[in-house]
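Chain and residue survey
So you can see what is in the structure, the chains are spelled out below.
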Amino acid sequence: MDGATDGRSARITAEEALQLHAMGRPGKLEIRLTKPLTTARDLSLAYSPGVAEPCKHIATNPSLAYDYTAKGNFVAVVSNGTAVLGLGNLGALAGKPVMEGKAVLFKRFADVDSIDLCIDTEDVDAFVNAVRYLGPSFGGINLEDIKAPECFIIEQRLRELMDIPVFHDDQHGTAIVAAAGLINAAHLTGRDLREMTLVVNGAGSAGIACVELLKAMGMRHDNVILCDTKGVIYKGRSEGMNQWKSAHAAETRARTLAEALEGADAFFGLSQAGAVTQEMVRSMAAKPIIFAMANPDPEITPEDAKAARDDVIIATGRSDYPNQVNNVLGFPYIFRGALDVRASTINDTMKVAAAEALAALAREDVPDELDAASAAGGKRLKYGPEYILPLPFDPRLISRVSPAVAKAAIDSGVARRPIMDLRKYARDLAARLDPTSAALDAIMEAVRANPRRVVFAEGEEEKTIRSAVAFRNAGYGTPVLIGREDRVFGTMKALGVDDTAGIEVHNARLSGANARYAAFLYERLQRQGALARDCQRLVNQDRNVFAACMVALGDADAMVTGLSRSYSVSLDGVMSVIDPEPNHLVFGISILLTDLGTVLVADTAMHERPNAAQLADIAKATAAAAKRMGLDPRVAFLSFSTFGDPKGSIPGSIRDAVALLDARKVDFEYDGEMAADVALDPTLRALYPFCRLTGPANVLVMPGLHAAHILTRALPRLGQVTVIGPVLQGLSRPVQIVPLDASTNQVVLMAAFAAYQSLAR
């Protein structure tokens, strides 16, 4: 339930996980400056003597800390590591990677800054005393991975002692997301939440929080039966009880989970795998609702539940099934809304508002970028039994959930800085996060939903083998390695890869398809000076040619290459086999992920000096790619010249390209020629009031390959910029070529891009 995935749908190896955490700067977090501190004067303003001014103002008016410090966007993720994921009591230090991960999710999904604080004590009093004095530094406290019943005591005491939100996500995050799903499941089955009956198996922090929230939403006390490892929690039971269980003891004759489920409308499982049998499902009421949320394996699988009852609606904590109950749908946006109104707490009204906002979002039409990705995988997203909760990468979450939470805080009187214009607030939130990550997630999920056969041409390379294993483990499909079996499997063994299931190895020279590929290639190249023996030699010896033949003749869906040969050499081999798509230009788009958003750069692969028609085609195709990634394209044709100053020959072709787009009446913003700083800086762009761009350019069409290469190769070495690609466009079959220095993750991503391109064919 917690986090972005459950670890089962995307299999990863221990080595991969350790490598990610250890590579480069260890861990997943760093501190970044938000103000320029270049000169001595900058330092004087930021520290002594300038820092005295905000200090004096805050001393007079403490609320100004939100204006002069990072407090208003800063959350502490606090844990003692006594209930780490499903691993148990690992302690504060071993829990730190999880807490860093939680901070990453806060930033990734809601732009909330966060730091982990791992407190090395299991003593409740000591823990509370360590946290209670942190209020001046933070706008909120996210308690995490603390075992029950101590988590109840700690949260309650800290809420009483602190005047900032204190929120134990393992309790309330699960409850909010599950409640949202139940709202929609009840709606689809014609039930009234206040009248339906619910059985909850698992009386730990999450189970009790679910019961408490649903009762706050109107579910009747007598209609809820809570169970633990000893059976039903009924009035009069003394064994294994505590005050939190006793508060939910029911008047019932049922003593076992099976008895409790007879005739029940709904079931929440927060317990262990296999707790629910098919017979129990058959005993439930018509159109039963089952949320089997144990991780990594649910109380009953969707397959077994549907085999028992074809009218069941089922949700799990797993991302490889529909209706994932995932805490990441809740906590980032709940804190975002609470922080933005400077709430003193997160109360039931705010939790209910979050649940209702999530439920309402799932009933809306799905954005094109999400629906297109899902449709490509064969599953369109539409409100119904298979889609009762939004997807974790839905870009609308921040603009739906956070405003609902903020409004609830205002209405319930806990907001210290009410927001007057909530519609504008929602618009501002929608613009706050770059939609690219959501679109990339959607692409990866579409591939996972419809796995493909992807050829990894350089199959004997160690990095290629690592990438192929990671591709398989991620659930993207079957990797096909081209190479000599003894060398490939020998390298796998040396790497410690024991599980070779789902990985194919093809020896080009010995392949049964060798003669067919050679004949195919000869037919293509015989009038271009190639003899039959030349084509046979290429198929035997050039793995890019062999891999491309596999894709061209339908023996594989896509291919990836580039680790052992330059981009141009790799592309020449591929294009000897695969033609451009009719009426399409072959070119490359590099995706730049920056602190200020995503920028697409083209052409970074093919055209040394594109003419006006090619520039116009590149701009149109790149704008279309930007739209698929959720961006509103603003295209700038870059040059050394800005609207004629200084003069030169290159700007002329750019002006002609702009004129061609004018004639085509395209549906995106574009202009040029302009220098890069004018394209990206609104202050400079204001010097040219006639410029058509209404905001910073997010698509940069380069005047030539030299400029594109210089830009995309230099930026990652100069700052915090991630470059993906070039992503090859315009071939009639899906092929991607990675840079020579590509990492394993980059190879896997480009292989997934190739796989995704094959879905639309």
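An account of the accompanying structure is given in this report. (Residues numbered from 1 in each chain as written. Predicted model: local features only at pLDDT ≥ 70, side-chain atom pairs only at ≥ 80, totals over all residues. Heavy atoms only, no water.)

A count of helical and extended segments in the protein gives 31 helices and 21 strands. Here the C-alpha atoms of the protein give a radius of gyration of 29 Å, agreeing with the 27 Å that 2.2 N^0.38 yields for 761 residues. Summarising its shape, the C-alpha atoms of the protein cover approximately 90 × 70 × 50 Å along the three principal directions. Burial status across the protein gives 55% buried among its 761 residues. (Helix = DSSP H or I, 4+ residues; strand = E, 2+ residues; numbered from the N terminus. Rg over C-alpha atoms; globule rule 2.2 N^0.38 Å. Buried < 20%, exposed > 50% of the residue type's maximum accessible area, 1.4 Å probe, protein only.)

Below, the discussion takes up helix α7 (residues 150-161). A rise of 1.5 Å per residue sets the reference length of α7, with its 12 residues, at 16 Å; its end C-alpha atoms lie 16 Å apart and thus fit the reference within 8%. Among the residues of α7, those classed as buried are Glu150, Cys151, Phe152, Ile154, Glu155 and Leu158. Residues of α7 that are buried in the fold lie against α6 (124-132), β3 (140-143), β4 (166-168), α8 (169-188), α9 (205-216) and α10 (243-246). (Expected span 1.5 Å × (residues − 1). Contact = heavy atoms within 4.5 Å.)

Ile141, Leu143, Leu182, Phe268, Phe291 and Met350 are the most contacted members of the largest nonpolar core, which has 102 residues in total. Examining the composition of this core, we find that 10 residues originate from one element, α8, more than from any other. When sequence neighbours within four positions are dropped, the list of residues in contact with methionine 350 reads Ala338, Ala343, Thr345, Val405, Ala408, Ala409 and Val414. In terms of nonpolar packing, the next biggest core, distinct from the first, is built from 65 residues, Ala558, Ala625, Tyr670 and Met750 among them. (Core = buried A, V, L, I, M, F, W, Y, C linked by side-chain atoms within 4.5 Å.)

Read from one edge of the open sheet, six strands run β7-β6-β5-β8-β9-β10, paired in mixed fashion. Both edges of this open sheet fall to β7 (231-232) and β10 (313-316), since each of them pairs with a single strand only. Here two bridges tie strand β6 (residues 224-228) to β7, and the two strands are oriented antiparallel to one another. Note that in β7 the partner of cysteine 227 across the bridge is valine 232. The sheet contacts of α8 involve β8 (266-269), β9 (289-292) and β10, and relative to β9 the element is tilted by about 160 degrees. (Pairing = 2+ DSSP bridges. Axes fitted to C-alpha atoms, helices over the stretch in contact; angles between N-to-C directions.)

Contact pair helix α17 (residues 397-411) / helix α18 (residues 422-432): the axes reach a minimum separation of 9 Å and the direction vectors enclose 140 degrees. As for how α17 packs across α18, the hand of that crossing is right-handed. Across the interface between the two elements, Ile398, Ser399, Ser402, Pro403, Ala406 and Lys407 of α17 pack against Leu422, Tyr425, Ala426, Leu429 and Ala430 of α18. (Left-handed = near helix turned anticlockwise from the far one by under 90°.)

Two strands in a sheet stick together by hydrogen bonds in their backbones, pointing the same way (parallel) or opposite ways (antiparallel). Spatially, four strands are ordered β2-β1-β3-β4 in an open sheet, and the strand pairing comes out parallel. Of all strands in the sheet, those with a lone pairing partner are β2 (113-118) and β4, marking the two edges. The sheet shows a mean angle of 25 degrees between the axes of neighbouring strands, taken without regard to direction. In this sheet, β2 lies alongside strand β1 (residues 74-79) in parallel orientation, the contact comprising six bridges. Its bridge partner being in β2, valine 77 is matched across the sheet by aspartate 116. Packed on one face of the sheet, helix α5 (residues 96-110) meets β1, β2 and β3 and runs near 165 degrees to β2.

Attention shifts here to the pairing of strand β5 (residues 198-201). Here β5 shows two buried faces, one formed by Leu198 and Val200 and the other by Val199 and Asn201. Taken together, the four bridges between β5 and β6 define a ladder with parallel strand orientation. Residue pairing across strands places leucine 198 opposite valine 224, the latter belonging to β6. Since β5 and β6 lie parallel, the crossover through α9 that links them has a hand, and here it is right-handed. Pairing analysis gives four bridges linking β5 to β8, with the strands arranged parallel. (Right-handed = clockwise from strand over helix to strand, strands pointing away.)

Taken together, Leu33, Leu37 and Leu43 make up a surface patch of nonpolar side chains, about 290 Å² in accessible area. The exposure class assigned to leucine 33 is exposed, which follows from its relative accessible area of 65%. (Patch = residues over 30% accessible without salt bridge, like charges linked within 9 Å, V, L, I, M, F, W, Y side chains within 5 Å. Areas by Shrake-Rupley, 256 points an atom, 1.4 Å probe, with all protein chains shown as cover. Salt bridge = Lys/Arg side-chain N within 4 Å of Asp/Glu carboxyl O.)

Turning our eyes to something else, we now look at the packing of aromatic side chains. Within the structure shown, the criterion is met by 13 aromatic pairs. When the ring of phenylalanine 167 is compared with that of phenylalanine 335, the centres are 5.8 Å apart and the planes differ by 85 degrees; the resulting orientation is edge-to-face. Of the two residues, phenylalanine 167 is situated in strand β4 and phenylalanine 335 in helix α14 (residues 331-340); the sequence distance between them amounts to 168 residues. Across the pair, phenylalanine 335 and phenylalanine 167 agree in class, each one buried. Considering the side-chain rings of phenylalanine 643 and tyrosine 688, the 5.5 Å spacing of their centres and the 50 degrees angle between planes classify their relative orientation as tilted. Separated by 45 residues along the polypeptide, phenylalanine 643 in the loop between β17 (634-638) and α27 (650-664) and tyrosine 688 in the loop between α29 (682-685) and β19 (699-701) bring together distant segments of the chain. Look at phenylalanine 643 and you get partly exposed, because its relative accessible area is 23%. (Phe/Tyr/Trp six-rings, centres within 6.5 Å; stacked < 30°, edge-to-face > 60°.)

A word on the side chain of aspartate 42. The topology assignment puts aspartate 42 in helix α2 (residues 40-46). Here threonine 38 takes part through its backbone nitrogen, which lies 2.9 Å from a polar atom of the side chain of aspartate 42. Not counting residues up to four positions away in its chain, the partners in contact with aspartate 42 are Pro36 and Leu37. (Polar contact = N/O pair within 3.5 Å; in protein donor to acceptor, adjacent residues only side chain to side chain.)

Before going further, it helps to examine the pattern of salt bridges. Pairing is possible between side chains that carry opposite charge, provided their charged atoms lie close to one another. Per the counting criterion, the structure on display carries 48 salt bridges. Between aspartate 662 and arginine 692 there is a salt bridge; the shortest N-O distance is 2.8 Å. Of this pair, aspartate 662 sits in helix α27 while arginine 692 sits in the loop between α29 and β19; the two residues are 30 residues apart in sequence, bridging distant segments of the chain. Via salt bridges that share partners, Lys107, Asp111, Asp113 and Arg432 belong to a single interconnected network.

For valine 723, the position within the fold is in strand β20 (residues 722-729). In the structure, valine 723 is positioned 131 residues away from leucine 592 in sequence and 4.7 Å away in space, judged by C-alpha atoms. Excluding its chain neighbours within four sequence positions, the residues that come into contact with valine 723 are Ser590, Ile591, Leu592, Thr712, Pro716 and Gln746.

So, about the environment of aspartate 170. Checked against the element boundaries, aspartate 170 lands in helix α8. Among the polar contacts made by the side chain of aspartate 170, one reaches the main-chain amide nitrogen of aspartate 145 at a distance of 2.6 Å. There is a polar contact of 3.2 Å between the side chain of aspartate 170 and the side chain of histidine 168.

For the rest of this paragraph, the subject is the pairing of β20. Taken across its eight residues, β20 has seven buried, putting it largely inside the fold. The pairing of strand β15 (residues 587-594) with β20 spans six bridges and is antiparallel. Within β20, the position partnered with glycine 588 by the bridge is leucine 728.

Attention now moves to unusual backbone geometry. Trans is the prevailing form of peptide bonds, just as negative phi is the prevailing case for residues other than glycine. Residue proline 296 is bonded to the preceding asparagine 295 through a cis peptide linkage, with omega at 5 degrees. Mapping proline 296 onto the fold places it in the loop between β9 and α13 (302-308). Residue aspartate 603 is reached from alanine 602 by a cis peptide bond, and omega for that bond is -5 degrees. Mapped onto the elements, aspartate 603 comes out in the loop between β16 (597-602) and α26 (612-628). Non-glycine residue aspartate 111 carries a positive phi angle of around 55 degrees.

These figures capture arrangement, not role.
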